[in-house]
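# Overview (structure and organization)
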Amino acid sequence: MTLIPILAKHVTVVVTRVLIKVNKLQLMDDLYFFGGKLVAHSQRSNIDIIKGTVMSEETIFSKIIRQEIPTPLLYQDELVSAFRDISPRVDSHILIVPNKHIATINDVTDEDELTLGRMITVAKKLAKEDGIDESGYRLIINCNSDGGQEVYHIHMHLLGGQPLGAMLSV
Ligand code: 5GP
């Protein structure tokens, strides 16, 4: 019974050593802890390796989450971050994003359920803080080209502050 945690610890130590070695060879530009996980980041290939697993290509949102691009964060915890949209379509336009890079809703797994739920509870909190909870708002997640997705790091749009009209204009 005690074998599994020992084995898990051993694997983590081995992977950490490999990552440090890779970092020493300067194949990776950055080695840091995020959300309790060891992350190695390469600027040249624009990838993150988290405990040995290569995550898919990141977008500008990862840089905002890590504050490499200074964008005021309205909220951040170990799972999600939130900031205002750079080009707001309505009076109140906030983006809520998972810290982990997930390209599209097609890529979410059962493991992401807590993160996806957190996106909604954070949306509710920020709607209240922005004073739009009573007047109302809309939450949107776009997926792929027909869905109008531009940034391939899933994000929830929190839109409000004015009447939003019909749900779709196609
Ligand atoms: P999508 O069409 O992918 O659902 O929405 C992407 C959103 O990200 C757009 O509303 C766009 O204005 C916003 N956006 C793109 N780049 C940046 C950025 O660098 N900073 C911020 N704050 N928002 C961005």
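The structure we're discussing is the one just above.
Let us look at the structure shown here.

Rules of the game
- Residues numbered from 1 in each chain as written.
- Predicted model: local features only at pLDDT ≥ 70, side-chain atom pairs only at ≥ 80, totals over all residues.
- Heavy atoms only, no water.
- Salt bridge = Lys/Arg side-chain N within 4 Å of Asp/Glu carboxyl O.
- Buried < 20%, exposed > 50% of the residue type's maximum accessible area, 1.4 Å probe, protein only.
- Helix = DSSP H or I, 4+ residues; strand = E, 2+ residues; numbered from the N terminus.
- Pairing = 2+ DSSP bridges.
- Axes fitted to C-alpha atoms, helices over the stretch in contact; angles between N-to-C directions.
- Contact = heavy atoms within 4.5 Å.
- Near = heavy atom within 4 Å.
- Polar contact = N/O pair within 3.5 Å; in protein donor to acceptor, adjacent residues only side chain to side chain.
- Areas by Shrake-Rupley, 256 points an atom, 1.4 Å probe, with all protein chains shown as cover.
- 1 Å grid on protein atoms, 1.4 Å probe; cavity = no way out; pocket = protein on both sides within 12 Å on 5 of 7 lines; lining within 4 Å.
- Sits in = over half its atoms within 2 Å of the grid points.

## Here's the deal with the pattern of salt bridges
Enumeration over the complete set of coordinates arrives at 10 salt bridges. Glutamate 68 is paired through a salt bridge with arginine 66; the nearest N and O atoms lie 2.6 Å apart. For glutamate 68, a relative accessible area of 37% translates into the label partly exposed. In this structure, the salt-bridge partner of lysine 100 is aspartate 112, at a minimum N-O distance of 2.7 Å. Note that lysine 100 is positioned in the loop between strand S7 (92-98) and helix H3 (113-129) and aspartate 112 in the loop between S7 and H3, a separation of 12 residues in sequence. Taking relative accessible area as the criterion, aspartate 112 reaches 3% and is therefore assigned buried. Overlapping salt bridges bring together Glu58, Lys63, Arg66 and Glu68 as one network.

## Looking at the pairing of S7
Burial analysis of S7 places seven of its seven residues in the buried class, the great majority of the element. As judged from the five bridges shared by strand S6 (residues 80-84) and S7, these two strands associate in the antiparallel manner. Across the sheet, the residue bridging to serine 81 is valine 97, located in S7. Relative to strand S9 (residues 156-160), S7 runs antiparallel, the two sharing five bridges. Paired with histidine 93 across the strands is leucine 159, a residue of S9.

## Focus on the sheet that holds S9
Strand order in the open sheet made by the five strands is S5-S6-S7-S9-S8, with antiparallel pairing throughout. Two strands close off the open sheet at either side, each with one partner strand: strand S5 (73-76) and strand S8 (137-140). The sheet shows a mean angle of 15° between the axes of neighbouring strands, direction not considered. Of the pairings in the sheet, the one linking S5 to S6 comprises three bridges and is antiparallel in character. Note on S6: the bridge partner recorded for tyrosine 75 is alanine 82. Running over the sheet, H3 touches S5, S6, S7, S8 and S9 and is turned about 155° from S7.

## Some words on the site of the ligand
Near the ligand lie 17 residues; those nearest to it are Asp85, Gly148, Glu150, His155 and His157. The contact in question runs from an oxygen atom of the ligand to an N or O atom on the backbone of valine 151, over 2.9 Å. One of the side-chain nitrogen or oxygen atoms of histidine 157 is found 2.8 Å away from an oxygen atom of the ligand. In the complex, the protein chains occlude 89% of the 520 Å² of accessible area that the ligand would expose alone. In this structure, the ligand is accommodated by the largest pocket. For the shell around the ligand, the elements supplying multiple residues, two or more each, are helix H2 (60-65) and S6. The leading source of residues in the shell around the ligand is H2, at three residues.

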